[in-house]
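Chain by chain, the residues:
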Amino acid sequence: MTGHRHNDPAARRVIFWRHGRTAWNHGGMFQGQEDIPLDATGRRQASRAAGLLAQRHPARIVSSDLSRAADTAHALAAITGLKVRLDKRFRETAAGAWQGLTFAEIDERFPEDNAAWRGGDPLVRAGGAENREEVGRRMSEATLEAVEDLAAGQTLVVVSHGGAIRAGLAALMGLPSTTWGALAGVSNCHWSLLDEQVRTPEALYSWQLREHNVGLGSFPAEPIEG
């Protein structure tokens, strides 16, 4: 297997950055594609984390069009001077009947589907809507389009949501969908970083995970989806 050395300056990079906290995150509710804004804590998180990510010198910022992600992205744009491109393909998992319910309520009302979801089944539909494989496909497609014309060594920041980021990471790394649950979730305003690998006929993968769930240690962990 051929790949870049650690921290190869020629590698293009993608940073997946989860939005700051919302009231629904704090209340343990499944947000899905409901457009829930950042709360005061989430706005502070976005501002503090943006200062760290600006030091990575991103070349481009793309974001989910849901306000909690877009407002987080604009905190970084305000420091870097970059524009934010919105793309609905970076939205969280569409969760149908589960949206707005707490995780305890989902478990009570939809025990079989929720057990399969929590067990990592990639084909179970959250609330009857979208499954993880579908989320992974749209996330990876949108990310590859956004990074396609970046120069060697440049960094793309994708601002998205907990469940969508995990599916996108796994899909880009080519992991079998039945193993995606092995990736831990991403806390509010934390991020994960992928390096592009050398493309040769022998290469078994194109992207490698270099950092996962990185951020200011004082941020509390919140539910994965949202």
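Everything numeric in this text was worked out from a predicted model, so none of it was measured.

Criteria and thresholds
- Residues numbered from 1 in each chain as written.
- Predicted model: local features only at pLDDT ≥ 70, side-chain atom pairs only at ≥ 80, totals over all residues.
- Heavy atoms only, no water.
- Pairing = 2+ DSSP bridges.
- Helix = DSSP H or I, 4+ residues; strand = E, 2+ residues; numbered from the N terminus.
- Axes fitted to C-alpha atoms, helices over the stretch in contact; angles between N-to-C directions.
- Contact = heavy atoms within 4.5 Å.
- Core = buried A, V, L, I, M, F, W, Y, C linked by side-chain atoms within 4.5 Å.
- Buried < 20%, exposed > 50% of the residue type's maximum accessible area, 1.4 Å probe, protein only.
- Phe/Tyr/Trp six-rings, centres within 6.5 Å; stacked < 30°, edge-to-face > 60°.
- Lys NZ or Arg CZ within 6 Å of the ring centre and 35° of its normal.
- Salt bridge = Lys/Arg side-chain N within 4 Å of Asp/Glu carboxyl O.

## Overview of the sheet that holds strand 4 (residues 155-160)
Two modes of strand pairing occur in sheets, parallel and antiparallel, and in both the strands are linked by backbone hydrogen bonds. A sheet is described by the order of its strands in space; here 6 strands give the open sequence 3-2-4-1-5-6, paired in mixed fashion. Two strands bound the open sheet, and with one partner strand each, they are strand 3 (84-86) and strand 6 (207-214). Averaged over neighbouring strand pairs, the angle between their axes works out to 20° when direction is ignored. In terms of strand pairing, strand 1 (residues 13-18) meets strand 5 (residues 191-196) through 5 bridges, oriented antiparallel. If you follow Trp-17 over to strand 5, its bridge partner there is Trp-191. Across the face of the sheet, helix 3 (residues 67-80) comes into contact with strand 1, strand 2 (60-63), strand 3 and strand 4 while running at roughly 165° to strand 2. Sheet strands touched by helix 7 (residues 162-173): strand 1, strand 4, strand 5 and strand 6. Its angle to strand 1, the strand with the most contacts, is close to 160°.

## Topic: the nonpolar core
Among the nonpolar cores identified, the biggest contains 24 residues, and Val-14, Phe-16, Leu-156, Val-158, Leu-169 and Leu-194 are the most heavily contacted of them. Residue assignment for this core shows that the elements contributing at least two residues are strand 1, helix 6 (132-147), strand 4 and helix 7. Ranked by the residues each element gives to this core, the list is headed by helix 7, at 7 residues.

## Some points on the packing of aromatic side chains
Summed over all chains, the structure comprises 5 aromatic pairs. Between Trp-98 and Trp-117 the ring centres are 5.8 Å apart and the planes differ by 90°, which places this aromatic pair in the edge-to-face class. Taken together, the positions of Trp-98 in the loop between strand 3 and helix 4 (103-109) and Trp-117 in helix 5 (residues 111-118) put the pair 19 residues apart, joining distant regions of the chain. Judged by relative accessible area, Trp-117 falls into the buried class, the value being 4%. Taking the ring centre of Trp-117 as reference, the NZ or CZ of Arg-132 above it sits at 3.7 Å.

## Structural notes on the pattern of salt bridges
Using the criterion set out here, one finds 12 salt bridges in the structure. As a salt-bridge pair, Arg-60 and Asp-149 come within 2.7 Å of each other at their nearest N and O atoms. Here Asp-149 lies in the loop between helix 6 and strand 4 and Arg-60 lies in strand 2, a separation of 89 residues in the sequence. You can call Asp-149 exposed: its relative accessible area is 57%. With a closest N to O distance of 2.8 Å, Glu-134 and Arg-125 form a salt bridge. Owing to a relative accessible area of 22%, Glu-134 belongs among the partly exposed residues under this scheme. The class of Arg-125 is partly exposed, set by a relative accessible area of 35%. One continuous salt-bridge network, built from bridges that share partners, spans Arg-85, Asp-87, Arg-89 and Glu-145.

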